[in-house]
Each structure stands twice: as C-alpha cells, then as structure tokens.
Amino acid sequence: MKESYEKPVILKLQMGLMNKFGASYLKRTRTEIDGVPVNKLIEEFGSPLFVFSEKRLRRKYKEIYNAFATRYPNVQFSWSYKTNYLNAICAILQQEGEIAEGVSEFEYEKARRLGIEGRDIIFNGPYKPSHILEKAIREQAIINIDHFEEIYDLEEIADKLGQKVKVGIRLNMDTGITPQWSRFGFNLETGQALDAVKRIAYSKKLILNGLHCHIGTFILEPRAYAQEVEKMVKFAYQIEDEFGFKIEYLDIGGGFPSQNRLKGIYLPPELAVPSIEEFAEAICDTLLRSLRPNDFPELILETGRVIVDEAGYLISTVHAAKRLPDGTKAYVIDAGVNLLFTSFWYKFNIELDREVQGVFEPCVIYGPLCMNIDVIDEHTQLPPLPRGTRLIISPVGAYNVTQWMQFISYRPFVVLINSEGKIEVIREAETLEDVVRKEKLPARLKLVQ
Ligand SMILES: Cc1ncc(COP(=O)(O)O)c(C=O)c1O
C-alpha cells in the first residue's frame, strides 16, 4: 500500500515536554465504548455526549467492596450523592448494596424520591436546616453532626418529638494530610470533639452511636487512613468508657483516588495511585489490631470518585483549529469547563475516534465558552486534527454531572450503556424551555403581546 504524504515540518522541541521522539499522552484511538460505536452514539444523541458504562460501574463497585469485605466482617458502603446523583447511577449502586449519603436537603430529598428509606440515608454536611433535620429524624436517617448549633437543634427536635434521638458526630483530625480538612465536624486534638460528646451526654436528649470522618479527597497515602481509623477507635472506646455510649459504626468517609491524572503529578495514575487493596489492607489491619476482642462496629465507607469516575466518558467534537501568536496549535471543541468541572484539576485521557496522520505537536484544547478560563487541556501533544474529529475524554464519571453548569449553553444527553450493550438515555439534553421555565417576565416588559 502506498504511504500517505507527510509534508516536512520544523518544530521547536521544548525542554521537559514530550516530543515526537518520546511517548505521547495520546495512547489510543477509540471507536467504541462497551462495543457501541462512537459514531452511532453521536448520530443518535449529538455531540457533546456523556456516556456511562454500567458494566464498568458494577465491576468497580464489586472490586472495591470485596477488597474491604474480605478483610473485615461488617462493611457497608454508602453512595456519596454529590459525586454523581443521576438516578440511574444511584439506583445501580443501590442494587449493588449501597445505602445513600447526602449533604443537603436537595440530596436527601432526591434519595427519598428514588425510593431509598430514611434509615438507609446518611445525612452529613454543615448546613442542615431544622425542618429537614426533623424530617430526617422522623424517617430514622443516620445523622452525623457537624457543629454545636446542630447539637442544640437536635436537642430541640428531641424535645418536640418526646424521644431520645440517635446521632453520630463528625470528627476532623491530623492524619498527616495537608491541607487538613478542619472546617467540618469537631476537632479531635484540641478537645473540641470531647466537648461535643460531653454536651450530648449531659443534656441526655441524644444518644451518641457513631463516629464519622472524611479526611479529604484523592488521598494517595494509605497510611493516612490507618491513622484516621486508629484515632477513631481510640476515641470510640474513650466515649464508651467515660460516657457509656456504645459506638455502633465508624464511618471513615471517602477520598480514595480514581485512575485520573492529577495535574502537577508527573507519574501516570498506574504508578502514582495505590491500589484499593493497599488502602483496604491499611484500614482493616489497623481496625482489627485496635478493636477489642469480639467487637466489630460497622465500618462505613462513603467512597465516591473511585467507584464512578472510570465509568464515565465524554464524547466531544473538534469545531475549529487555530494557531496562537506564540505558534501553539489550538483546538476549539464543543465541551468546556461548563461540562467538565474536574478539568480544573485533572489532565484527562484523550482518545481520538480515528487514526490521524501527521506530526504530533504541542496543542491547547479550548472549550466553546467565550471565557478565558475555558481550557480542557493546557498542553497536550496531538497530530493535526481535522474538523469533526471526535475526542473521547475520560475518566469523567465523578463530580462532573453534578457540578456542571448551565452557562450560555444547554447540558447534553447522558446515556448509559447497559450490561447487555444497549443504549439507555438517563438524562435528556436540555432545551430552551427547560432553561427558561422558572423565569417570570412582568407583563409590562413583554415585547410580544
Ligand atoms: C462527607 C463526604 N463523604 C464522601 C465524599 C466522597 O469523596 P470521594 O469522592 O473523594 O470518595 C465526600 C466528598 O467530598 C464528602 O464530603
């Protein structure tokens, strides 16, 4: 076969960056997701398009659950709604055995609407207005208290209901992770957490039965969890011995990293991110060593991104190519930070839907917004992409379809490829009607009478 002609070019090679003689970030072309052709997906639903793989999601959940359940006898996962609260995603994880974790009235109501019982919802977060707190108590939700005002609110609710109310408290602590997440819950080292327990014990209106903590997100250090667990167990026994409360659950939050490439970390995720086995081993080994004989409080995990991130892809399309004044090649694609909030901290894996001939050169990828911050990748190596090339961007399953914004354009379709390889719409694309539905135009301002 005759080889295609490539015009010769002279390119300045930049120090420290990959060039045509080294590896490129672009590893593959991808023409399908779970066996469904990318072209077919775009023909049916347009571009951009979020695609979730049910197979990957279920497989990942099982892998992570098993890592813990084979090491500790009393494990419960609780789906962190803020990570991805599309009904279909929550329902799949519910089917797999997760309960729900929410941090706001909206998330609580969304879980209830989906059919989750109050007793299967963990209600966290620093802002729980009294009316929703009362509803959650009536429905027997698991409440983790964030601050003293919430203790007082709960005491009032207990009075009103004429019953003692079961609660957990959220702790924050030093586990060697910086910056320390100290704004949520009660600090352990300063004695603030002990003061909270004293208040709960002396007022006699609440029953303390759980401890919660979430040390941060994208934690690359299994030892940090070992410290967290050790401190939680020690505190739990102090509470039991001094105040007589039995701590029935230790909720250690989430924070395990997905196989995403964090900006500023040179090593690829395969090398930088510890395996889930390493996290599970550090956590369960410390638990089993710290707990008293025959005491196995429920170990709750609220892990989010590691479960769903790799199940999500965004297909986007090259709309234009430009040359910047400094010579850098730039592409404008149809998806920006409005859809990919996580591009602020991740360097995504970008695959092309076709083989493209030509020399790789440094490129920047811009989104469609008329805003300078709309950059999906500040620096990548790409061959010359014809208009219409599809970019398959991943992993994007965590925190994007919750933090996306409806800014100057509509949010696109979200589809699920189910375990049989069939496409199911799990969120329709927005229309102008959806966006303006809540607006009111005073009659005196109407342009068309
Ligand atoms: C209380 C709580 N639990 C769980 C999570 C999920 O964290 P991740 O996605 O890092 O596992 C978060 C995220 O911020 C959180 O605030």
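Residues numbered from 1 in each chain as written. Predicted model: local features only at pLDDT ≥ 70, side-chain atom pairs only at ≥ 80, totals over all residues.

Asks: What should I look at first to understand the overall build of the protein in this one?
Replies: Helix and strand counts for the protein stand at 13 helices and 22 strands. Taking 22 Å as the expected radius of gyration for a compact globule of 449 residues, we find that the protein reaches 25 Å, a close match to that expectation. When the backbone C-alpha atoms are referred to their principal axes, the protein occupies close to 80 × 65 × 45 Å. Scored against the burial criterion, the 449 residues of the protein give a buried share of 41%. When contacts within the protein are restricted to residue pairs at least 6 apart in sequence, those whose partners lie at least 24 apart make up 70%. (Helix = DSSP H or I, 4+ residues; strand = E, 2+ residues; numbered from the N terminus. Rg over C-alpha atoms; globule rule 2.2 N^0.38 Å. Buried ≥ 20, exposed ≤ 12 C-beta atoms within 10 Å, placed from the backbone. Contact = placed C-beta atoms within 7 Å.)

Asks: Looking at this model, I keep getting lost on helix α2 (residues 54-69). Mind explaining?
Replies: The periodicity of an α-helix, 3.6 residues per turn, causes residues three or four places apart in sequence to face the same way. For α2, which comprises 16 residues, the first-to-last C-alpha distance of 22 Å matches the rise-based estimate of 22 Å (1.5 Å per residue) to within 8%. Those residues of α2 that fall on the buried side of the exposure criterion are E54, R56, L57, K60, Y61, I64, Y65, A67 and F68. (Expected span 1.5 Å × (residues − 1).)

Asks: Just checking my understanding: could you explain the site of the ligand for this structure?
Replies: Residues in contact with the ligand amount to 15 residues; listed here are only the nearest, T217, G254, E302, G304 and R305. Its residues assigned to classes, the shell around the ligand comprises one nonpolar, 10 polar and four charged. (Near = placed C-beta within 6 Å. Nonpolar A, V, L, I, M, F, W, Y, C, P; charged D, E, K, R; others polar.)

Asks: Honestly, the environment of D120 in this entry has me stumped. Any pointers?
Replies: Along the chain, D120 falls in the loop between α4 (105-114) and β6 (121-123). Among the residues examined, D120 registers 19 C-beta atoms within 10 Å and is labelled partly exposed. Considered as a pair, D120 and S78 are 42 residues apart in the sequence and their alpha carbons are 8.6 Å apart. Non-local contacts of D120, meaning those with residues more than four positions away in its chain, are made with I99 and A100.

Asks: Which parts of the structure should I look at to understand the nonpolar core?
Replies: A general feature of soluble globular proteins is that nonpolar side chains tend to end up buried together. V51, I121 and I283 are the most contacted members of the largest nonpolar core, which totals 118 residues. With eight residues, the single largest contributor to this core is helix α8 (residues 222-243). Each of domain 1 (32-52 + 310-436) and domain 2 (54-308) accounts for three or more of the residues forming this core. If sequence neighbours within four positions are ignored, I121 has contacts with I99, A100, G102, Y108, A111, I116, A141 and I142. (Core = buried A, V, L, I, M, F, W, Y, C linked by C-beta atoms within 7 Å. Domains from an automatic or database assignment.)

Asks: So what exactly am I meant to see when it comes to the domain arrangement of the protein here?
Replies: Where interface size is given, it is often the accessible area lost as the parts come together that is meant. Here the protein is described as being made up of domain 1 (32-52 + 310-436) and domain 2 (54-308). Placing the centre of domain 1 and that of domain 2 at their C-alpha centroids yields a distance of 33 Å. In this assembly, 21 residues from domain 1 lie in contact with 21 residues from domain 2. Mapped by element, the contributors of at least two residues to the side of domain 1 that touches domain 2 are β16 (346-347), α12 (400-403), β21 (414-417) and β22 (423-427). Per-element tally for the side of domain 1 that touches domain 2: the top contributor is β21, with three residues. A per-class count over the side of domain 1 that touches domain 2 returns 12 nonpolar, five polar and four charged.

Asks: Before we go on, may I ask you to explain unusual backbone geometry in this structure?
Replies: Keep in mind that most residues, glycine aside, have a negative phi and that most peptide bonds are trans. Cis geometry marks the peptide bond from S47 to P48; its omega dihedral reads 0 degrees. Mapping P48 onto the fold places it in the loop between α1 (38-45) and β3 (49-53). Of note, the bond from S394 into P395 is cis; its omega dihedral lies within 30 degrees of zero at -10 degrees. Position of P395 among the secondary structure elements: in the loop between β20 (390-394) and α12. The residue Q140 is not glycine, and still its phi comes out positive at about 65 degrees.

Asks: Explain the pairing of β20 here, please?
Replies: Residues in a regular strand project their side chains so that they alternate between the two faces of the sheet. Burial within β20 is extensive, with five of its five residues counted as buried. Burial along β20 is two-sided: R390, I392 and S394 facing one way and L391 and I393 facing the other are all buried. Strand direction decides the pairing type here: strand β14 (residues 312-323) and β20, joined by four bridges, are antiparallel. The partner of I315 across the bridge, within β20, is I392. Sheet analysis places strand β17 (residues 349-352) next to β20, joined by four bridges and oriented antiparallel. Its bridge partner being in β20, E351 is matched across the sheet by I392. (Pairing = 2+ DSSP bridges.)

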